[in-house]
Protein chains: 2
Amino acid sequence: MEIRNKEYTLKNCKFVVNYDEVLENVNIVIQEDGYIKTIGRESEGDEIDCSNYVAIPGLVNAHTHTPMISLRGYYDDAELNEWLQKMWEYEKTFTLDAMNISSELAIIEMLSKGTTAFIDMYFNPDGVKSLAEKYGIRAYAGYTFLDDLFEPYEIDKKQRLLKQSELFRPVVNVHSVYSASLRTLELAKQLAEEMNTWIHIHVSETRKEIYEIKKKYGKFPVELLNELNMAQNSQMVHLGWVASWELNYVRHATHCPTSNMKLATAGFFPFKELLTKGVNVTIGTDGPASNNSLDMFREMKNAVLLQRHSYWDVEIKAHHVFKASTEEGYKLIGIKGGRIEEGYVADIVLLEKDNLYPLKKDRILSNIAYNAVGEHVRKVIVNGKLVYDEEKHKELFRKRRKELLELLDNIIP
Amino acid sequence: MEIRNKEYTLKNCKFVVNYDEVLENVNIVIQEDGYIKTIGRESEGDEIDCSNYVAIPGLVNAHTHTPMISLRGYYDDAELNEWLQKMWEYEKTFTLDAMNISSELAIIEMLSKGTTAFIDMYFNPDGVKSLAEKYGIRAYAGYTFLDDLFEPYEIDKKQRLLKQSELFRPVVNVHSVYSASLRTLELAKQLAEEMNTWIHIHVSETRKEIYEIKKKYGKFPVELLNELNMAQNSQMVHLGWVASWELNYVRHATHCPTSNMKLATAGFFPFKELLTKGVNVTIGTDGPASNNSLDMFREMKNAVLLQRHSYWDVEIKAHHVFKASTEEGYKLIGIKGGRIEEGYVADIVLLEKDNLYPLKKDRILSNIAYNAVGEHVRKVIVNGKLVYDEEKHKELFRKRRKELLELLDNIIP
């Protein structure tokens, strides 16, 4: 059904799932301003029958490179360093148009699979901003400091022109400590402070990085960021090779288990230790050229699997990765969301309940984390607006995807 | 469309994918006897337009426990030994009816996700046999030797009554070396020889198993099976803790990466080493209570991921896991299948090409292994028969699933 009124109700949700609580057969009333008014028996305005759906908070893909969907399946069988060289080689010829077409493909895919917000590291933040407003997804993006490819002052200059909008906010992307000079790192730090945002950076991803940074600076990567007073304001992605004594410097950590495994970076992301220290831990798919999926359900499962395999125990459970993908994701982006609760923003995903069998209250979180895939998503609400409704958008998205792929046809390898 | 004639053609398949070769825009002619007649431009009998599909060989789920779909999401956060106790506790009360209802649920799920054959370890092989014939999926099952739960001579007696049918063949299931006495193992060996089948057994899954068997018998588990002359005829499942010197005794190995990771059994499945030795290596999801998915596409990807993470290299690639799930699967079950090629049995899965973008000949195998999920399957052919056609069966399967779940409602925990 169309939502005609401003206030409306998700009626009779089979389950409403937060990481720490499951409610059964309740209504969610969504206010004009996009926030959740009540959870319970109340009903206001138009009603969407949700008796066939399980409602979960929107998923935050905390680290990706959307334009790399063009390179999905292009070069899958190399370790990180060789792979990166291959990507950079192609990226030198990647036009802004092609990047934006690719980001649109990725956004269509992510949104229809339940991602309501994503953090993007690439070179087309203006395009991403327009697309975020077009599709109604929350996007965090910026130009990326990467000395081999771009003059840092150029990045700085362009970045300063980026403006926040309803669904978009600039972040300061730094590829890594090893691909940026100290001067570049200093520039990024200043920029993040002045733009009142955070630094989004790959850190301690490989043994090689640890070795090289230690050799060059006498310090490990996180130690270096701390020394430069950048650690507190950094979202550190990967951290497979972070040292135990560096954990005190980490405020925001993002785990990309699939990409780490696929690129054979090995290491241990210290999920449990970081939680114990109260660190904000989130999950990302990484780019579609290294994962190659953008499905946050698959990523949640893989995060549990990798932890259990690495630590030989079952300390990390479904609720941890569900929290990391919802509440902790929203904490990172600074929005009161990631929970379906009064006063939280209405970023909500509706899953078809029939796929989550045996459908039981005490199994629902497990069945979402360990068996669901993005294909089970039927509706997505961001900021109170129904931005994806399978019935309405599936065919539209399919058509648009076809057009976009045709545009890319002659320009991707 | 309906297939009215006996010979028919999958017309204009966008791609036909074997592990070592991809063909574009070709027809597959399927003979009356269920075998592939030609691949190319020929066309015979009715035609199914496959221009929107990518054809792959059917997937073999080489190890599962179908009835455990009832326990999906029931107890997800324990290591193997605690988990097994919990499962066994429930299984003591699991009625044959409930097992068969559960197997039917699992078969509906597997078939619609592209699995054309599976090897089942449980206690309801007669039910599985009927279901295999009902749904048109290939099934390999038997009673399971497990001394704590069943008197081995009873198992032996019941097993001897199992008869092969068109799509069903008995296998001799032994839970493990640690849950069977030497007398039971001897019984299983005899039985497999007399029934002209193989032994399907969990081996070297945990450190604990290695330790206990070494302590009890002075040998490692695979060494023990070799000493008992059982190794050659055994399909050894898990092998995360197999020792290097035991590899010479392995003929058939099955990897279940997701279950191993989820149950935190750690270890290293020596995929590459086994291939080097010419061992028949296959892949299984394990049961839906430990995985919790039955999706062989997800399992292929996880097999690559775990190998790369464990060995810190990218030696295992998409084509290895694709071969393990197709050609090697058919080799294990003794059928000339697992390839889309003249003279091979027509067990074929058609995937919607629109989900496999960017759709390119040299990326298609990657895009299947690293990004496809069972939800992309549109049609499944087994033995030349169209046994799953989304258009026709999706709604039928949904209804049947609902009925089955209602039957289980009061009997599962």
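In case you missed it, the structure is sitting above this.
Residues numbered from 1 in each chain as written. Chains lettered and ligands numbered in written order. Predicted model: local features only at pLDDT ≥ 70, side-chain atom pairs only at ≥ 80, totals over all residues. Heavy atoms only, no water.

Caption draft 1: Examining the interface of chain B and chain A more closely. On the side of chain A, 58 residues touch chain B, which itself brings 58 residues to the contact. Interface area for chain B against chain A, summed over the two sides, is near 5300 Å², with a carbon-plus-sulfur share of 51%. Applying the counting criterion to the chain B and chain A interface returns 6 salt bridges. In this structure, Arg 398 of chain B engages Glu 352 of chain A in a salt bridge whose closest nitrogen and oxygen atoms are separated by 2.6 Å. Where chain B packs against chain A, one counts 30 residue pairs in polar contact (both at pLDDT 80 or more). Going through the elements one at a time, helix H2 (96-112), helix H8 (257-262), helix H10 (296-311), helix H13 (364-371) and helix H14 (390-408) of chain B are the ones with two or more residues in the side of chain B that touches chain A. No other element matches H10 of chain B, which puts 8 residues into the side of chain B that touches chain A. Counted by class, the side of chain B that touches chain A contains 22 nonpolar, 15 polar and 21 charged residues. (Contact = heavy atoms within 4.5 Å. Buried area = accessible area lost by both parts, 1.4 Å probe. Salt bridge = Lys/Arg side-chain N within 4 Å of Asp/Glu carboxyl O. Polar contact = N/O pair within 3.5 Å; in protein donor to acceptor, adjacent residues only side chain to side chain. Helix = DSSP H or I, 4+ residues; strand = E, 2+ residues; numbered from the N terminus. Nonpolar A, V, L, I, M, F, W, Y, C, P; charged D, E, K, R; others polar.)

Caption draft 2: Focus on the sheet that holds strand E11 (residues 172-176) of chain B. Residue and element names in this part refer to chain B. Read across the open sheet, the 6 strands follow the order E9-E11-E12-E13-E14-E15; overall the sheet is parallel. In this open sheet, the two edge strands, each paired with only one partner strand, are strand E9 (144-145) and strand E15 (280-283). In the sheet, strand E14 (residues 252-255) pairs with E15 via 4 bridges, with the strands oriented parallel. Paired with His 252 across the bridge in E15 is Asn 280. Lying over the sheet, helix H5 (residues 182-194) contacts E9, E11 and strand E12 (199-203), oriented at roughly 155° with respect to E11. (Pairing = 2+ DSSP bridges. Axes fitted to C-alpha atoms, helices over the stretch in contact; angles between N-to-C directions.)

Caption draft 3: Summary view of helix H13 (residues 364-371) of chain A. In terms of burial, H13 of chain A is a largely internal element, 8 of the 8 residues being buried. Where H13 of chain A is concerned, the buried positions are Ile 364, Leu 365, Ser 366, Asn 367, Ile 368, Ala 369, Tyr 370 and Asn 371 of chain A. (Buried < 20%, exposed > 50% of the residue type's maximum accessible area, 1.4 Å probe, protein only.)

Caption draft 4: Layout of the environment of Lys 277 of chain B. All names here are of chain B. Tracing the chain through its elements places Lys 277 in the loop between helix H9 (271-276) and E15. Along the backbone, Lys 277 and Arg 41 are 236 residues apart, and their C-alpha atoms lie at a distance of 39 Å. Look past the residues within four positions of Lys 277 in its chain and what remains in contact with it is Leu 247 and Asn 248.

Caption draft 5: Quick look at the pairing of strand E8 (residues 138-142) of chain A. Residue and element names in this part refer to chain A. The buried fraction of E8 amounts to 5 of the 5 residues, a majority that puts the element mostly inside the structure. Because side chains alternate across E8, one face comprises the buried residues Arg 138, Tyr 140 and Gly 142, and the other comprises Ala 139 and Ala 141, equally buried. Here strand E7 (residues 115-121) runs beside E8; their pairing, made up of 5 bridges, is parallel. By the bridge assignment for E8, Ala 117 is matched with Arg 138. Taken together, E7, helix H3 (residues 125-135) and E8 form a β-α-β motif whose crossover is right-handed. Alignment of E8 against strand E10 (residues 168-170), held across 3 bridges, turns out to be parallel. Across the sheet, residue Ala 139 finds its bridge partner in E10, namely Phe 168. (Right-handed = clockwise from strand over helix to strand, strands pointing away.)

Caption draft 6: Inspection of the sheet that holds E8 of chain A at higher detail. All names here are of chain A. Judged by pairing direction, the sheet is parallel, and its 4 strands sit side by side in the order E6-E7-E8-E10 without closing on themselves. Of all the strands in the sheet, just strand E6 (59-64) and E10 have a single pairing partner and so form its edges. When the angles between neighbouring strand axes are averaged without regard to direction, this sheet yields 15°.

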